[in-house]
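These are the residues of each chain, in order.
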Amino acid sequence: MGNLFGKKKVTRVTEHDRAVLQLKQQRDKLRQYQKKITLHMEKERQLAKQLVKDGKKEKALLLLKKKRYQDQLLDKTENQISNLERMVQDIEFAQIEMKVIEGLKVGNDCLKKMHEVLSIEEVERIMDETHDAIEYQKQIDEILAGSLNQEDEDAVLAELEAITQGEADLELPEVPGEELPDVPEQEPVREKERVKKKAEREMLAA
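Model, not experiment: these values are computed from the prediction. (Residues numbered from 1 in each chain as written. Predicted model: local features only at pLDDT ≥ 70, side-chain atom pairs only at ≥ 80, totals over all residues. Heavy atoms only, no water.)

Quick look at the overall build of the protein chain
- Within the protein chain one finds six helices and zero strands.
- Along the protein chain, helices (α) and strands (β) appear in the sequence α-α-α-α-α-α when read from the amino end.
- Here the protein chain holds 206 residues, and the buried ones make up 11% of them.
- Summarising the internal contacts of the protein chain: among those between residues at least 6 apart in sequence, 75% fall at separations of at least 24.
- With the model as given, the accessible surface of the protein chain reaches about 19,400 Å², and the carbon-plus-sulfur share is 57%. (Helix = DSSP H or I, 4+ residues; strand = E, 2+ residues; numbered from the N terminus. Buried < 20%, exposed > 50% of the residue type's maximum accessible area, 1.4 Å probe, protein only. Contact = heavy atoms within 4.5 Å. Areas by Shrake-Rupley, 256 points an atom, 1.4 Å probe, with all protein chains shown as cover.)

Rendered as structure tokens:
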């Protein structure tokens, strides 16, 4: 049923992870041993005090010698714990260094691919085109802002005068103000011709 709802996430445990785990387990065991020895030594010290009170100095001395030996064991245990912690830190730092190196490798590969796509000549061409476009835009901005010298102003005025003169030459003649005579309608002319033909027919008939 679990496979139907999704796969269980698999975590990748490396050899470094196993090594770090084992070192930490050994460190924890040494700390437990250290704690146990410390409690045992405190009991023996109290027992040695009691033996001294009871007049049993030889037994008390024997316990103190044993305690001294256990003190030396605690010092060795503390050194071993320090060495284990140092090894854990070294391994963890080495893992970080490996990840950094892998990241640098990936970044280097990406840069190589980008350099293959964009050669130095291509980059120089793009930079030149960009520079030309920027300079052209600056010229337009200066013109629009009115940043023209006297020579430019004279050239612009001369061009305006030439355009104005050309437009004047192309002007149409003025329309006369007098009204034009009305055009006679065609219907009265046709009526006159009909009357004229009728009169001619009457004359021929007479």
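Digging into helix α2 (residues 15–53)
- The terminal C-alpha atoms of α2, which comprises 39 residues, lie 58 Å apart, in line with the 57 Å expected from a rise of 1.5 Å per residue.
- Those residues of α2 lying buried are Val20, Leu23, Arg27, Leu30, Gln34, Ile37, Met41, Glu44, Ala48 and Leu51.
- Buried residues along α2 sit against α3 (57–117).
- Glycine 55 occupies a position one or two residues after α2 and carries a positive phi of about 85 degrees. (Expected span 1.5 Å × (residues − 1).)

Describing the packing of α2 against α3
- Where α2 meets α3, the axes come as close as 8 Å, and the angle between the chain directions of the two elements is 160 degrees. The angle between α2 and α3 falls in the class roughly antiparallel. Relative to α3, α2 is oriented so that their crossing is left-handed.
- Its residues assigned to classes, the contact of α2 with α3 comprises 22 nonpolar, nine polar and 14 charged. (Axes fitted to C-alpha atoms, helices over the stretch in contact; angles between N-to-C directions. Parallel < 35°, antiparallel > 145°, perpendicular 65-115°, else oblique. Left-handed = near helix turned anticlockwise from the far one by under 90°. Nonpolar A, V, L, I, M, F, W, Y, C, P; charged D, E, K, R; others polar.)

A look at the UniProt feature "coiled-coil region" (unreviewed entry) in the protein chain
- Cross-referencing UniProt, the feature "coiled-coil region" (unreviewed entry) maps to residues 16–43 in the present numbering.
- The distance separating the terminal C-alpha atoms of residues 16–43 is 41 Å; by composition the span is 100% helix and 0% strand. (UniProt positions renumbered as here; feature names shortened; annotations may be inferred.)

What to know about the side chain of glutamine 34
- Tracing the backbone through its elements, the reader meets glutamine 34 in helix α2.
- The buried category is assigned to glutamine 34, whose relative accessible area is 18%.
- Setting aside its immediate chain neighbours within four residues, glutamine 34 contacts Leu74, Thr77, Glu78 and Ile81.

Description of the nonpolar core
- Counting residues in hydrophobic clusters, the biggest one holds seven residues: Val20, Leu23, Leu30, Ile81, Leu84, Val88 and Ile91.
- Secondary structure elements with two or more residues in this core: α2 and α3.
- The leading source of residues in this core is α3, at four residues.
- The contacts of leucine 30, once residues within four sequence positions are left out, are Thr77, Gln80, Ile81 and Leu84. (Core = buried A, V, L, I, M, F, W, Y, C linked by side-chain atoms within 4.5 Å.)

With respect to the confidence of the model for the protein chain
- Confidence in the prediction of the protein chain, expressed as mean pLDDT, is 77, and 75% of residues score 70 or more.
- Across the protein chain, the secondary-structure element scoring lowest on mean pLDDT is helix α1 (residues 2–5), at 51, and the one scoring highest is α3, at 86. (pLDDT = per-residue confidence, 0-100.)

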